[in-house]
Structures are given as structure tokens and as C-alpha cells.
Amino acid sequence: MKKILVIKHGSLGDITFALEAMFAIRKKYPNSLIHLLTEKRYISFLTKTKIFDKIIVDNRKDFLLISFLNLLKLLKENFDVIIDLQNSQRTSLYNLFFRLFNKGLICSSRPFAHLRYKIPIQGKEAARVGLSNQLKMLNINVDLSVNYDWLKVNIKNVITQSIALIIPGVSKGNEYKQWQPEKFAEIAQFCESKKLRICIVGTKSDLLSAKEIILKCKNVLNKIDFSPPEVIYSIALKSSLIFSNDTGPGHIASLSNNHMIWILNDNSISGANISDNTTNHKILANSVKSISSKEVIQYIKKNKLLNFYN
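Residues numbered from 1 in each chain as written. Predicted model: local features only at pLDDT ≥ 70, side-chain atom pairs only at ≥ 80, totals over all residues. Heavy atoms only, no water.

Caption draft 1: The arrangement of the overall build of the protein in detail. Looking only at helices and strands, one finds 11 helices and 12 strands in the protein. Taken over the C-alpha trace, the protein has a radius of gyration of 21 Å; the compact-globule value for 310 residues is 19 Å, and the two agree within 12%. Taking the principal axes of its C-alpha atoms as reference, the protein extends roughly 65 × 40 × 35 Å. Classification of the 310 residues of the protein by burial places 55% in the buried group. (Helix = DSSP H or I, 4+ residues; strand = E, 2+ residues; numbered from the N terminus. Rg over C-alpha atoms; globule rule 2.2 N^0.38 Å. Buried < 20%, exposed > 50% of the residue type's maximum accessible area, 1.4 Å probe, protein only.)

Okay, structure coming up:
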């Protein structure tokens, strides 16, 4: 396989779920020229992986004409394999054009693929597992224990004491996944009473969600709007305990494999997105809004997640 195109758009969480698959493709084809089609906002992050020889911008919010012109350029590349890790209606259209005007083998769960993976009903299969199963059709085995040292940045001057990392925001349109900011603030106060410094991360739009924490705690390390994925991951590595909604920055933090409390709606999608392991602690309810801060504090005490503090 001399030239490969990988397609992956989606949210930050979606990109995180695809990392193992991306590394597996490079491992299988170490000498191939691998292009990635993704959104502009992920270029810096995915460049750090050193998986791809070339990253091509394809923003989902661009006018369809712009995407069509990008597609015409891609057709001239004569890829040997097109691996669709996005598996969306948009990539169905891309698959059609590649099928008509390119001789490359298409692997996707969408129509017009040569190798088509049948995705189970949503929520029945974790995204990571689905991509792994899809790549098996190309005889690519996905290793779920990827080394993320490439994401580390130096934060020695930032983290000077034990940290509780809190990720209070969610992306626009996903407010139904968000635990109330005042409850995050109550948890932050509890952790502060255990001699932990509170750190908050997120985008500029998450500042309102973090405001209660900033007001109620004494010395918050505020990294809102200063927390790209590599900073979130590096702080998570140094954190004694992490709290998050089901959101992209939370999934980045989970790569640290440190103890993490997820506050979640009890549905099949959240269940599939977040792996069952010894460091992922899921607190669930039919509506995340009905979970009390007292319930979370009791869980911390019962499971002795902060038992080494006074």
C-alpha cells in the first residue's frame, strides 16, 4: 500500500476514540505515505502523533462547494486505500466519488465501500471497539494500550501541589450531559478541604460553567481557554482525582489512566463511550441533573479515592 487516505472529522471525543486505530494503521504500513482528512482545529493535535505524512483540512461547516473542490483534488492523488474512520453521511458521498473515479480500496461502514463494516445499533459497541473491528477487515490489529508520551508537555512550574482536576463544561448542544456548575463547585470545595488544589480546564465557552468553582474556592488554577489537549493530558497525569461530564476534554484526561469520576446519564451511549476499568468510576442516573454532590462525595469516601489525605 503506497498511498493511504484516512478520513476522520467529528468531536474531540471522536478523535480521541480513533487514536488507537490511527496508530495501528501506521504500524501496519510503516513505509506508506499516509494522508489524513480532518478539521482545521485538530491539525496541531494530530501533527504531534507523527502518524501522518500530510494533513488535509476539510471542515464540516464549510460550504459544500469547498468540500467538493477538496474532494476533486483528492481524487487526483490515486490512493491505494481509503480508510473512512468517520463513517458519516458526508463520507458516504466521498466514498461514492472515490468508487467512481479512484481505483483505491475503500474500507468504511457507509455505502459504496468495498469492505463495509456493519456497525451494531448505536450504544451496543464502543467507538474504539467498532473502529478496531472495522480495521480487522484490512488485517490491521489495533493495540488498545497506546503510549501517549507524545502528548506530554512540561508543567512543572504550573503543578506545584496535589491537584483535583475538574472539567465542568460540555460542547454546545450537549447541555443535557452537563452536571450543574454549582454541584461541581461543592465537589471542588470538598477536595479543597482535603488539601488538594483545584484545577479547571476547558474552552472559552466553558468559563460560565467554571465561574461557581472560581468564586467558591480559595486558590483555583484556572486553565480555561489555555488548555489544549496536551495540557489537559499533562495535568491529568499529575492529578490525584479527575471529575468530568461525558465530553471531549474528559476523554483526553482519561488517557492518563488516573482515577476519574464520570458523572453521566445512564444510557447506552455513555456506557459504550467510557470503558469499564479500575480507574473509570461512573456515577449514573436517568438524568445527570438528579445526581447530588453528596452522592459523589459518598462515592469518593466509600471507595477511598482520597484516603491518603487528612
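Caption draft 2: Up close: the layout of surface pockets. Taken as a whole, the second largest pocket encloses approximately 490 Å³ of empty space. Lining of the second largest pocket is provided by 29 residues; of these, E20, R128, N257, S275 and N277 occupy positions nearest its centre. (1 Å grid on protein atoms, 1.4 Å probe; cavity = no way out; pocket = protein on both sides within 12 Å on 5 of 7 lines; lining within 4 Å. Points joined across faces, edges and corners; volume = space filled by probe spheres on them.)

Caption draft 3: Representation of the pairing of strand β9 (residues 221–224). By the bridge criterion, 4 bridges tie strand β8 (residues 197–202) to β9 in an arrangement that is parallel. Among the inter-strand pairings, G202 is bridged to a residue of β9, identified as I224. Handedness of the crossover joining β8 and β9 through helix α7 (residues 207–216): right-handed. (Pairing = 2+ DSSP bridges. Right-handed = clockwise from strand over helix to strand, strands pointing away.)

Caption draft 4: Just helix α8 (residues 229–237), in detail. A large share of α8 lies buried, amounting to 8 of its 9 residues. Listed in full, the buried residues belonging to α8 are P229, E230, V231, I232, Y233, S234, I235 and A236.

Caption draft 5: Quick look at the sheet that holds strand β1 (residues 3–7). Pairing is parallel across the open sheet formed by 6 strands, whose spatial order is β3-β2-β1-β4-β5-β6. Where the open sheet ends on each side, the last strands, each with one partner, are β3 (54–57) and β6 (115–116). Of the pairings in the sheet, the one linking strand β4 (residues 81–84) to strand β5 (residues 105–108) comprises 3 bridges and is parallel in character. When the sheet's bridge partners are listed, I82 is paired in β5 with I106. Its contacts with the sheet place helix α4 (residues 89–101) against β1, β2 (33–38), β4 and β5, and it is angled at close to 165° to β5. (Contact = heavy atoms within 4.5 Å. Axes fitted to C-alpha atoms, helices over the stretch in contact; angles between N-to-C directions.)

Caption draft 6: Spatial organisation of the pattern of salt bridges. Inspection of the entire model under this criterion finds 10 salt bridges. Residue E77 is joined to K3 by a salt bridge in which the shortest nitrogen-to-oxygen separation is 3.0 Å. With a gap of 74 residues between them, E77 in the loop between α3 (64–75) and β4 and K3 in strand β1 connect regions that are remote in the sequence. Judged by relative accessible area, E77 falls into the partly exposed class, the value being 24%. With a closest N to O distance of 3.4 Å, R90 and D58 form a salt bridge. (Salt bridge = Lys/Arg side-chain N within 4 Å of Asp/Glu carboxyl O.)

Caption draft 7: Just the side chain of E192, in detail. Structurally, E192 is set in helix α6 (residues 181–193). Of the side chains with opposite charge, K218 lies nearest to the buried E192, which makes no salt bridge, at 5.6 Å. A distance of 2.9 Å separates a polar side-chain atom of E192 from the backbone nitrogen of K218. If sequence neighbours within four positions are ignored, E192 has contacts with I198, C217, K218 and N219. (Lys, Arg positive; Asp, Glu negative; His and termini not counted. Polar contact = N/O pair within 3.5 Å; in protein donor to acceptor, adjacent residues only side chain to side chain.)

Caption draft 8: Region of interest: the nonpolar core. Grouped together as the largest cluster of nonpolar side chains are 53 residues, with contacts concentrated most on M22, I25, F45, L85, L135, L165 and I235. Take this core: its biggest share by element is 9 residues, from helix α1 (residues 12–28). F184, I187, V296 and L305 belong to the second largest nonpolar core, which has 30 residues in total. (Core = buried A, V, L, I, M, F, W, Y, C linked by side-chain atoms within 4.5 Å.)

Caption draft 9: Quick look at the sheet that holds β8. Here 6 strands make up an open sheet; going across it, the order is β9-β8-β7-β10-β11-β12 and the pairing parallel. This sheet does not close on itself; its edge strands, each paired only once, are β9 and β12 (280–285). If you compare each strand with its neighbour and ignore which way they point, the axes differ by 15° on average. The pairing of strand β10 (residues 239–244) with strand β11 (residues 260–265) spans 3 bridges and is classified as parallel. Within β11, the position partnered with S244 by the bridge is W262.

Caption draft 10: Just the packing of aromatic side chains, in detail. Applying the stated criterion across every chain yields a total of 6 aromatic pairs. Judged by centre distance (5.8 Å) and plane angle (35°), the ring pair of F45 and W150 falls under tilted. Taken together, the positions of F45 in helix α2 (residues 43–47) and W150 in the loop between α5 (127–136) and β7 (163–167) put the pair 105 residues apart, joining distant regions of the chain. Pair check on accessibility: F45 and W150 agree, each one buried. Centre to centre, the rings of F97 and F101 are 6.1 Å apart; their planes meet at 35°, and the pair counts as tilted. In this pair, F97 and F101 both sit in helix α4, 4 residues apart, roughly one turn of the helix. (Phe/Tyr/Trp six-rings, centres within 6.5 Å; stacked < 30°, edge-to-face > 60°.)

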